[in-house]
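# Report on the structure
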Amino acid sequence: MSKIRVKPNYSEMSWLIFHEEFQSEDDCYAWLFKTRWPRGFVCPKCEGKDYWSISAQQRLYKCKSCGKRVSLTSGTIFHKTRTPLLKWFMLIFRMASSKTGVSINEMARELEINDYKTVWTMAHKVRKAMADRDTQYQLAGLIEMDEAFFGPSSSGKRGRGAEKKELVIVAVSIWKDKAEKEWPVSLMPL
């Protein structure tokens, strides 16, 4: 079974651009369909390309070849959710673009979700998906490492023997693009 993956477009997106691209549930489902099946529907069982739309509201499809029913959200963090996809996308955008993190209570207010546990579960699923994605990356090419000690200023021993300081090691993998310009691939505290 061939799995074709689309690399998401990680170009900078502002809150205004986000609202232009995702104004309704249909926009979110269209993006999810295009991302999941970039070359059109592909049945996970027989790889058939022809399908019937069983339920437009639930986004269920049925393969014409083998008859397998496929939900657009199956196998994703959105599977069997009762929360509108637009609210999920807004939460993901805020979590991915905030440098200082987002409060679950704040997101519950912004998304107009009254149940704290629902928003907490959504945020937990998003964090897990982001962590799972990060495990797929490996450092490659030219790798540079350095160490530093962080902590309060204090008199006494210097360097490695300093008390109340934490050792932090950072590794950066550098790759070259087609124009031979160097870019850091990732910063990864070890």
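This section reports on the structure supplied with the text. Sequence order sets the numbering: in each chain, residues are counted from 1 along the sequence as written. Totals for whole chains, interfaces and linings use all residues, but because this is a predicted model, local features are given only for residues with pLDDT of at least 70 and pairs of side-chain atoms are given and counted only at 80 or more. Calculated side-chain values reflect all of the structure's heavy atoms, with hydrogen atoms and water omitted.

A few words on the environment of Y51. With respect to the helices and strands, Y51 occurs in strand 1 (residues 51–55). In this structure, the C-alpha to C-alpha distance between Y51 and V70, residues 19 residues apart in sequence, is 9.7 Å. Discounting chain neighbours no more than four positions away, the residues touching Y51 are F33, F41, Y61, K62, C63 and K64. Numbering of helices and strands starts at the N terminus; helices are DSSP runs of H or I of at least 4 residues and strands are runs of E of at least 2. Working rule for contacts: check all heavy atoms of both residues, and any pair within 4.5 Å makes them a contact.

On to helix 4 (residues 104–111), then. Those residues of helix 4 not exposed but buried are I104, M107, A108 and L111. What you see down the axis of helix 4 is that its buried residues fit within an arc of 105 degrees, all on one side. The elements touched by buried residues of helix 4 are helix 3 (85–97) and helix 5 (116–134). Here a polar contact is recorded for every N or O atom pair within 3.5 Å, except that within protein the pair must consist of a potential hydrogen donor and a potential acceptor, and residues adjacent in sequence are included only if both atoms are side-chain atoms. The opening residue of helix 4 is S103, an N-cap whose side-chain oxygen sits 3.2 Å from the backbone nitrogen of N105. Where helix 4 terminates, the next one or two residues include E112, which has phi positive at roughly 55 degrees. The buried label applies to any residue whose accessible area, calculated with a 1.4 Å probe on protein chains only, is under 20% of its type's maximum; exposed applies above 50%, and partly exposed to all values in between. Arc definition: it is the arc formed by the directions from the helix axis to the C-beta atoms.

Further remarks concern the side chain of R59. Considering the arrangement of structural elements, one finds R59 in the loop between strand 1 and strand 2 (60–63). Within polar-contact distance, the side chain of R59 engages the side chain of D26 at 2.7 Å. Leaving out residues up to four positions away in the same chain, R59 has contacts with E25, D26, Y29, V70, S71 and L72.

Bringing the pattern of salt bridges into the picture now. The rule for a salt bridge is simple: a side-chain nitrogen of Lys or Arg has to be within 4 Å of a carboxyl oxygen of Asp or Glu. Evaluation of the coordinates by the stated rule reveals four salt bridges. With its nearest N and O atoms 3.2 Å apart, the salt bridge here joins R94 to E106. Linking R94 in helix 3 with E106 in helix 4, this pair joins segments that are 12 residues apart in sequence. On the accessibility criterion, E106 (28% relative accessible area) is partly exposed.

The antiparallel open sheet is built from three strands, whose spatial order is 1-2-3. Of all the strands in the sheet, the pair left with one neighbour each is strand 1 and strand 3 (69–71). Taking each pair of neighbouring strands and ignoring which way they run, the sheet shows an average axis angle of 35 degrees. By this definition, two strands are paired if DSSP reports at least two bridges between them. Where strand 1 lies against strand 2, four bridges are found, and the strand directions are antiparallel. Paired with W52 across the bridge in strand 2 is K62. Axis geometry follows a simple rule: fit a line to the C-alpha atoms, using only the stretch in contact for helices, then measure angles between N-to-C directions, giving values from 0 to 180 degrees.

So, on to the packing of aromatic side chains. Any two aromatic rings considered together are summarised by their centre-to-centre distance and by the angle between their planes. Here the aromatic set is Phe, Tyr and Trp, taking the six-membered ring for Trp, and pairing holds for ring centres within 6.5 Å; pairs whose planes are under 30 degrees apart are stacked, those over 60 apart are edge-to-face, and all others are tilted. A full pass over the atoms with the stated rule returns 17 aromatic pairs. Centroid distance F22 to F89: 5.1 Å. Interplanar angle 70 degrees. Geometry classified as edge-to-face. Here F22 is found in the loop between helix 1 (15–21) and helix 2 (25–36), whereas its partner F89 is found in helix 3, with 67 residues between them in sequence. These aromatic residues form a ring-pair network of at least three members: W15, F18, F22, W31, F78, W88, F89 and F93.

The values reported here are purely geometric and, on their own, carry no functional implication.
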